[in-house]
Amino acid sequence: MAIDPQFEENREVVDEHEGHRVWGPVDEPETLGIHGTHVAVDFDICLADGACLEDCPVDVFEWVDTPGHPESERKADPANEANCIDCMLCVDVCPVDAIDVDGSRETRI
Ligand code: F3S
Ligand code: F3S
Ligand code: ZN
């Protein structure tokens, strides 16, 4: 299952993390929601492949530890989503389609 590109309509902001939004539902540690808005990562789909961290030319992503999550014990957090230049590499390389990028979406909280 890929990230829902309509998550802004289908989910609600339930938290903030490192300056970006967190879209619910969240029920730690098994359910973590979507982090980010312009660059959105579905933490419940990410399985810590790491290709996004390796390939992003402007280092948008940072690892965050998520012990106890059924898919993986760390996630690619869009910590620097404001730096994104919309190259779309991360969307192309993620093997499980956990990332959605939309330049029209606001980064600010
Ligand atoms: Fe990086 Fe993905 Fe943006 S690779 S520049 S976060 S589209
Ligand atoms: Fe996760 Fe996909 Fe990146 S599985 S670590 S979001 S390439
Ligand atoms: Zn985050």
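The structure under discussion appears in the preceding block.
As the structure is a computational prediction, the values presented were derived from the model and not from experiment. (Residues numbered from 1 in each chain as written. Chains lettered and ligands numbered in written order. Predicted model: local features only at pLDDT ≥ 70, side-chain atom pairs only at ≥ 80, totals over all residues. Heavy atoms only, no water.)

1. Things to note about a negative patch on the surface
Thought 1: Together, Asp15, Glu16, Asp27, Glu28 and Glu30 give the surface a local cluster of negative charge.
Thought 2: Classification of glutamate 30 by relative accessible area gives partly exposed; the value is 44%. (Patch = residues over 30% accessible without salt bridge, like charges linked within 9 Å, V, L, I, M, F, W, Y side chains within 5 Å. Areas by Shrake-Rupley, 256 points an atom, 1.4 Å probe, with all protein chains shown as cover. Salt bridge = Lys/Arg side-chain N within 4 Å of Asp/Glu carboxyl O. Lys, Arg positive; Asp, Glu negative; His and termini not counted. Charge placed at Lys NZ, Arg CZ, Asp CG, Glu CD. Buried < 20%, exposed > 50% of the residue type's maximum accessible area, 1.4 Å probe, protein only.)

2. Remarks on the packing of aromatic side chains
Thought 1: Taken as a whole, this structure holds 1 aromatic pair when the rule is applied.
Thought 2: For the ring pair phenylalanine 7 and tryptophan 23, a centre distance of 5.1 Å and an interplane angle of 80 degrees mean the geometry is edge-to-face. With phenylalanine 7 in helix H1 (residues 7-10) and tryptophan 23 in strand S2 (residues 20-23), the pair connects residues that are 16 residues apart, well separated along the chain. Here phenylalanine 7 matches tryptophan 23 in class, with each residue buried. (Phe/Tyr/Trp six-rings, centres within 6.5 Å; stacked < 30°, edge-to-face > 60°. Helix = DSSP H or I, 4+ residues; strand = E, 2+ residues; numbered from the N terminus.)

3. Concerning the pairing of S2
Thought 1: As defined by bridge partners, strand S1 (residues 13-17) adjoins S2 across 4 bridges and the pair is classed as antiparallel. Bridged to glutamate 16 within S2 is arginine 21.
Thought 2: Hairpin geometry of S1 and S2 is characterised by an intervening segment of 2 residues between the two adjacent antiparallel strands and by a positive phi of about 50 degrees at glutamate 18.
Thought 3: Relative to strand S3 (residues 34-35), S2 runs antiparallel, the two being bridged by 2 bridges. (Pairing = 2+ DSSP bridges.)

4. Overview of the coordination of the zinc ion (ligand 3)
Thought 1: Taken together, the protein donors to the zinc ion (ligand 3) comprise His17 (ND1), His20 (NE2), His35 (ND1) and Asp77 (OD), at separations of 1.9 to 2.2 Å.
Thought 2: Here the zinc ion (ligand 3) binds 4 donor atoms, and the angle range of 101 to 119 degrees at the metal identifies the geometry as tetrahedral.
Thought 3: Overall, the relative accessible area of 3% leaves aspartate 77 in the buried class. (Donors = N, O, S within 2.8 Å, 3.2 Å for Na, K, Ca; no water. Tetrahedral: all angles 85-135°; square planar, octahedral: opposite > 155°, others 65-115°.)

5. Concerning the side chain of histidine 35
Thought 1: Note that histidine 35 resides in strand S3.
Thought 2: Taking relative accessible area as the criterion, histidine 35 reaches 8% and is therefore assigned buried.
Thought 3: In terms of polar contacts, histidine 35 uses its side chain to reach the side chain of aspartate 77, at 3.2 Å.
Thought 4: Once residues within four sequence positions are removed from consideration, histidine 35 is found in contact with His17, His20, Arg21, Val22, Ala40, Val41, Phe43, Asp77 and Pro78. (Polar contact = N/O pair within 3.5 Å; in protein donor to acceptor, adjacent residues only side chain to side chain. Contact = heavy atoms within 4.5 Å.)

6. Let's talk about the pattern of salt bridges
Thought 1: Applying the stated rule across the entire model yields 2 salt bridges.
Thought 2: Among the salt bridges present, the one from aspartate 42 reaches arginine 11, with a minimum N-O distance of 3.7 Å. On the criterion of sequence distance, the pair formed by aspartate 42 in strand S4 (residues 39-42) and arginine 11 in the loop between H1 and S1 is long-range, its members being 31 residues apart.
Thought 3: We note a salt bridge from aspartate 100 to arginine 105, for which the minimum N-O separation is 3.0 Å.
Thought 4: On the basis of relative accessible area, aspartate 100 is assigned to the buried category, the value being 17%.
Thought 5: By relative accessible area, which is 5% here, arginine 105 ends up buried.

7. Concerning the site of ligand 2
Thought 1: Around ligand 2 sit 13 residues, and of these Cys46, Leu47, Gly50, Cys52 and Cys94 come closest.
Thought 2: Of the residues contributing to the shell around ligand 2, the split by class is 11 nonpolar, 1 polar and 1 charged. (Near = heavy atom within 4 Å. Nonpolar A, V, L, I, M, F, W, Y, C, P; charged D, E, K, R; others polar.)

Limitation: the analysis is restricted to geometry and does not speak to function.
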